[in-house]
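The primary structure of each chain is shown beneath.
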Amino acid sequence: MKKGEIFMENLKVHKYEPSRHIVDFHVAGFAYYDGLDVINELSLGQAVTLVVETDNPYDNEAVAIYYKDKKLGYVPKEKNSFLSTLLYYGYGDILEARIQYANVENHPERQFRVVVKIKDNRK
């Protein structure tokens, strides 16, 4: 058997796994919050926390992004509605959010990207 045939044969033994991906985005407002206090701690794969801010005066579906106790910014307004609903009704524990991209040489609004996935709770 050739290498390509072996690879394809091995793929056949694995069943289809749907993606856990929900959404990804650049951190909005990074330059205006506490990100610079922890910028050296933010790396690929680093877990971050999503917190709904229903009393936010600019967006009642606002979802803030925290690393430890430091606010990094927000989920962009055009991508926050579904996450806001889940968080508001107490389903935040099914989500996992992590730094997906980091490049401190970019403009502050493009330095960090976050990916949100649904947790895999299968045993």
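Residues numbered from 1 in each chain as written. Predicted model: local features only at pLDDT ≥ 70, side-chain atom pairs only at ≥ 80, totals over all residues. Heavy atoms only, no water.

Caption draft 1: A look at the environment of aspartate 37. Within the element layout of this structure, aspartate 37 appears in helix H2 (residues 35–38). It is 29 Å that separates the C-alpha atoms of aspartate 37 and isoleucine 118, two residues lying 81 residues apart in sequence. (Helix = DSSP H or I, 4+ residues; strand = E, 2+ residues; numbered from the N terminus.)

Caption draft 2: Local environment of the packing of aromatic side chains. Within the structure shown, the criterion is met by three aromatic pairs. When the centroid spacing of 5.0 Å and the interplanar angle of 45° are considered together, the rings of phenylalanine 30 and phenylalanine 112 count as tilted. One end of the pair, phenylalanine 30, is in the loop between strand S1 (21–26) and H2; the other, phenylalanine 112, is in strand S6 (residues 112–118), and 82 residues separate them in sequence. Where tyrosine 88 meets tyrosine 89, the ring centres are 4.8 Å apart and the plane angle is 85°; that geometry is what we call edge-to-face. The two residues tyrosine 88 and tyrosine 89 agree in class, both being exposed. (Phe/Tyr/Trp six-rings, centres within 6.5 Å; stacked < 30°, edge-to-face > 60°. Buried < 20%, exposed > 50% of the residue type's maximum accessible area, 1.4 Å probe, protein only.)

Caption draft 3: Fine view of the sheet that holds S1. An order of S1-S6-S5-S2-S3-S4 is seen for the six strands of this open sheet, with the pairing classed as antiparallel. The sheet is open, and its two edges are formed by S1 and strand S4 (70–74), each paired on a single side. Pairwise comparison of adjacent strand axes, ignoring direction, gives a mean angle of 35° for this sheet. Sheet analysis places strand S5 (residues 95–102) next to S6, joined by seven bridges and oriented antiparallel. Bridging from a neighbouring strand, isoleucine 99 pairs with valine 114 of S6. In the packing of helix H3 (residues 81–88) onto the sheet, the strands contacted are S1, strand S2 (47–53), strand S3 (62–67), S5 and S6, and the crossing angle to S2 comes to about 80°. (Pairing = 2+ DSSP bridges. Axes fitted to C-alpha atoms, helices over the stretch in contact; angles between N-to-C directions. Contact = heavy atoms within 4.5 Å.)

Caption draft 4: Up close: the side chain of lysine 71. Its place among the elements puts lysine 71 in strand S4. Within polar-contact distance, the side chain of lysine 71 engages the side chain of tyrosine 74 at 2.9 Å. For lysine 71, the residues in contact, after removing those within four places along its chain, are Tyr33, Asp34, Gly35, Glu53, Ala64, Ile65 and Tyr66. (Polar contact = N/O pair within 3.5 Å; in protein donor to acceptor, adjacent residues only side chain to side chain.)

Functional significance is not addressed by these values, which are geometric in nature.
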